[in-house]
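Reading the structure
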Amino acid sequence: MATVTLKNVYKYYEKNEIPAVADFNLEIKDKEFVVFVGPSGCGKSTTLRMIAGLEEITAGEIYIGSRKVNEVEPKDRDIAMVFQNYALYPHMTVYNNMAFGLKMGKFPYPKMGPDGKQVIGIDERKVRTLQGQVNRMEKERNRLAIIQSQDELAEMDKNINELQMELRKAAATPVPLFDMKHMPKAEIDKRVKDAAQILGITEYLGRKPKALSGGQRQRVAIGRAIVRNPKVFLMDEPLSNLDAKLRNTMRGEILLLRKKINTTFIYVTHDQIEAMTLGDRIVIMRDGFIQQVGTPQEVFDDPTNLFVAGFIGTPQMNFIDSRLVKLSNGKYAAEVYGKNIVLSDEKSKMLADHKVPEIPLVFGIRPEHITLCKADDPIAHKAKVDVSEMMGSEIYIHATPDFAGAQDIVVRAPTINLSPAERKNIVDGGDIYFKMDEKASHLFDKADEVNIFHKLDKHFGPVAPVAPATPAAPVAPKAEVKANQDVKKDEKK
Ligand code: ADP
Ligand code: MG
């Protein structure tokens, strides 16, 4: 049971100029289930491996609980990891596959004195380990002294100092002592059997891996991690080697597993559906950078940029070239296919408060938020159906709007609302009429692809403070002046 905290974590692989992971900041709560999701190569595995200690971090800090683990060996971090390419020992039974790590390793047991109480004293093992770390870091510092910048050296010195302080404390503070011992057979047996029970593989304990299905083998791999009773459970694409149907079943099982072993989970996947269904919160990554962190509902409802908007949700959100316009009544609208979609009072006010100019937009709307309507609806757009995909309860319509330069869009329409004639018209590639709900729209600045409501303060400047009753010093806050200049620049463009 532990929190996991990453502060300004970077990873540069040797020879690479671009970081694999950049400025990663995240606080994972105790017992939270967090999913890292993003396309292949975006840095998910690297981040997970840094948490596990399998990969050195280039800069930043990682904490498990309140303990900084930058220099802690993987085996001492109290974590367990399940990989995509798990390898079971083919010649061992399921039981022995799960027991193997426990039989081989040594674990801390209270050191008992003749009086039957736990011995208190200086933890020599910890002192030795810390001393080794300090020595190693000092050597590294001296080796790099000629090529590192002053800042980098100062950072290294800071780390060395921290460790020396920890070392002095450990050498001076008596604590309850533990001996590293092999785990008693009975305890191993109990752990293996409990894990097998949780995973529903009790009856296969005597089998060899080759006599198991893919899903059962995956369960054994998870079992090997469960028996260690980790504080943090790390899983790197554990289901991606399974076929689609089995993946669905196992996804359900991971949800159950999470209920049964109530601990902190960090789960990596490239599959947004897995991320949405499993995560308490999901972390969407791209090119080493976090794009957005939030609950599945938050990132679905309010994506922070075009990338997140396109990544989450199937079929993908439609993106339409658009423009922000100010109406004569003071409201704002998004002009889409030559017609204005008037924004709510609340959104208009936010934009007006920040003096947002009329800028080019990308208008985003999900296929399920476009509705079919009658031709005479005043806000209807006309489109010609290119193809349609019948899904049973819904039909996905790919259509090209009747507007110069329009790209095709996808509409997800419930079939129950369609008459047989309307369905036939769609299937035959006829014309449809549709409208788009302002409430379901997402507005992105075309220039930088960021959700305009997410950057009001940063880009368009803070809301002007209400004028004080008594005249104040005639100095405008710097940020505001700067922001107003930015807006003027935008207006000129
Ligand atoms: P993901 O798990 O999201 O697919 P990774 O964390 O494996 O991504 O990789 C992130 C980036 O780091 C990629 O550009 C990848 O090529 C690079 N990378 C990963 N491992 C290494 C390595 N051992 N050496 C050099 N580059 C690596
Ligand atoms: Mg990976």
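Computed from a prediction, not measured in an experiment: that's the story for all the values here.

What counts, and where the lines are drawn
Residues numbered from 1 in each chain as written. Chains lettered and ligands numbered in written order. Predicted model: local features only at pLDDT ≥ 70, side-chain atom pairs only at ≥ 80, totals over all residues. Helix = DSSP H or I, 4+ residues; strand = E, 2+ residues; numbered from the N terminus. Rg over C-alpha atoms; globule rule 2.2 N^0.38 Å. Buried ≥ 20, exposed ≤ 12 C-beta atoms within 10 Å, placed from the backbone. Contact = placed C-beta atoms within 7 Å. Core = buried A, V, L, I, M, F, W, Y, C linked by C-beta atoms within 7 Å. Domains from an automatic or database assignment. Pairing = 2+ DSSP bridges. Axes fitted to C-alpha atoms, helices over the stretch in contact; angles between N-to-C directions. Near = placed C-beta within 6 Å. Nonpolar A, V, L, I, M, F, W, Y, C, P; charged D, E, K, R; others polar. Expected span 1.5 Å × (residues − 1). Parallel < 35°, antiparallel > 145°, perpendicular 65-115°, else oblique. Left-handed = near helix turned anticlockwise from the far one by under 90°. pLDDT = per-residue confidence, 0-100.

Remarks on the overall build of the protein chain
Looking only at helices and strands, the protein chain has 14 helices and 24 strands in total. Taking 493 residues into account, the globule formula puts the C-alpha radius of gyration at 23 Å, and the protein chain, at 29 Å, lies well above it. The 493 residues of the protein chain split such that 30% are buried. Pairs at least 24 residues apart make up 66% of the contacts formed inside the protein chain by residues separated by at least 6 positions.

Quick word on the nonpolar core
Counting 97 residues, the largest nonpolar core has Val35, Leu234 and Ile266 as the members making the most contacts within it. Lining this core are residues from two domains, each supplying at least three of them: domain 1 (4-106 + 192-291) and domain 3 (302-456). Isoleucine 266 has contacts with Val4, Ile28, Val34, Phe36, Leu48, Ile51, Val232 and Leu234, leaving out every residue within four places of it along the chain.

Observations regarding the sheet that holds strand S23 (residues 431-436)
Strand order in the open sheet formed by 5 strands is S19-S23-S20-S21-S22, with antiparallel pairing between adjacent strands. The open sheet has two free edges, formed respectively by strand S19 (370-372) and strand S22 (409-414), since each of these has just one partner strand. Here the strands of the sheet are splayed against their neighbours by 50° on average, with no regard to which way each runs. Looking at chain direction, strand S20 (residues 381-390) and S23 are connected through 4 bridges and run antiparallel. Across the sheet, histidine 381 pairs through a bridge with phenylalanine 434, a residue of S23.

Description of the site of ligand 1
Around ligand 1, the neighbouring residues are Tyr13, Asn16, Ala20, Gly38, Ser40, Gly41, Cys42, Gly43, Lys44, Ser45 and Thr46. Here the residues of the shell around ligand 1 sort into 3 nonpolar, 7 polar and 1 charged.

A short note on helix H6 (residues 214-226)
For H6, with 13 residues, the first-to-last C-alpha span of 19 Å sits near the 18 Å given by 1.5 Å per residue. Where burial is concerned, most of H6 is hidden: 10 out of the 13 residues are buried. The complete set of buried residues in H6 reads Arg217, Gln218, Arg219, Val220, Ala221, Ile222, Gly223, Arg224, Ala225 and Ile226.

A short note on the sheet that holds strand S18 (residues 360-365)
Sheet architecture is open: 5 strands sit in the order S17-S16-S15-S18-S24, paired in antiparallel fashion. Among the strands making up the open sheet, the edge pair consists of strand S17 (339-342) and strand S24 (441-445). For this sheet, the mean angle separating the axes of adjacent strands, direction not counted, is 40°. As paired elements, strand S16 (residues 332-336) and S17 share 4 bridges and run antiparallel to each other.

Examining unusual backbone geometry
A cis amide bond links threonine 314 with the next residue in sequence, proline 315, at an omega value of -15°. With respect to the secondary-structure elements, proline 315 resides in the loop between helix H10 (306-311) and strand S15 (318-326). Of note in the backbone geometry, asparagine 8 takes a positive phi value of approximately 45° without being a glycine. Unusually for a residue other than glycine, aspartate 78 sits at a positive phi of about 65°. With respect to the helices, strands and loops of the structure, aspartate 78 is situated in the loop between strand S5 (67-68) and strand S6 (79-82). For aspartate 78, a count of 17 C-beta atoms within 10 Å puts it in the partly exposed group.

Focus: the domain arrangement of the protein chain
Looking at the protein chain, the domain boundaries give domain 1 (4-106 + 192-291), domain 2 (107-182) and domain 3 (302-456). With centres defined by C-alpha atoms, the gap from domain 2 to domain 3 works out at 59 Å.

Looking at the environment of methionine 156
Here methionine 156 shows up in helix H4 (residues 150-172). In this structure the C-alpha to C-alpha distance between methionine 156 and methionine 137, which are 19 residues apart in sequence, comes to 8.0 Å.

Comments concerning the packing of helix H2 (residues 94-104) against H6
Following both chains from N to C, one finds H2 and H6 inclined at 30°, their axes separated by 8 Å at the closest point. In terms of orientation, H2 lies roughly parallel with respect to H6. Once H2 is placed against H6, the crossing between them reads as right-handed. From H2, Val94, Asn97, Met98 and Gly101 reach across to H6, where they touch Val220, Gly223 and Arg224. Looking at side-chain class alone, the contact of H2 with H6 contains 3 nonpolar, 3 polar and 1 charged residues.

As for the packing of helix H5 (residues 185-199) against H6
Following both chains from N to C, one finds H5 and H6 inclined at 135°, their axes separated by 9 Å at the closest point. When the axis of H5 is compared with that of H6, the two are oblique. The handedness of the crossing between H5 and H6 comes out as right-handed. On H6, the residues touching Ala195, Ala196, Ile198 and Leu199 of H5 are Arg219, Ile222, Gly223 and Ile226. For the contact of H5 with H6, a count of residues per class yields 6 nonpolar, 1 polar and 1 charged.

Thoughts on the pairing of S24
In terms of burial, S24 is largely enclosed, as 5 of its 5 residues are buried. By the bridge criterion, 5 bridges tie S18 to S24 in an arrangement that is antiparallel. Within S24, the residue paired with isoleucine 365 across the bridge is serine 441.

Brief notes about the confidence of the model for the protein chain
Model confidence for the protein chain is summarised by a mean pLDDT of 90, while 93% of its residues fall at 70 or above. Throughout residues 471-493 the model reports pLDDT below 50, and contacts reaching past four residues in sequence, or to other chains, amount to 18 contacts.

Let's talk about the environment of lysine 331
Summarising the element assignment, lysine 331 is placed in the loop between S15 and S16. Between the C-alpha atoms of lysine 331 and alanine 52, which are 279 residues apart in sequence, the distance is 52 Å. Setting aside residues no more than four positions away along its own chain, lysine 331 makes contact with Val342, Leu343 and Ser348.

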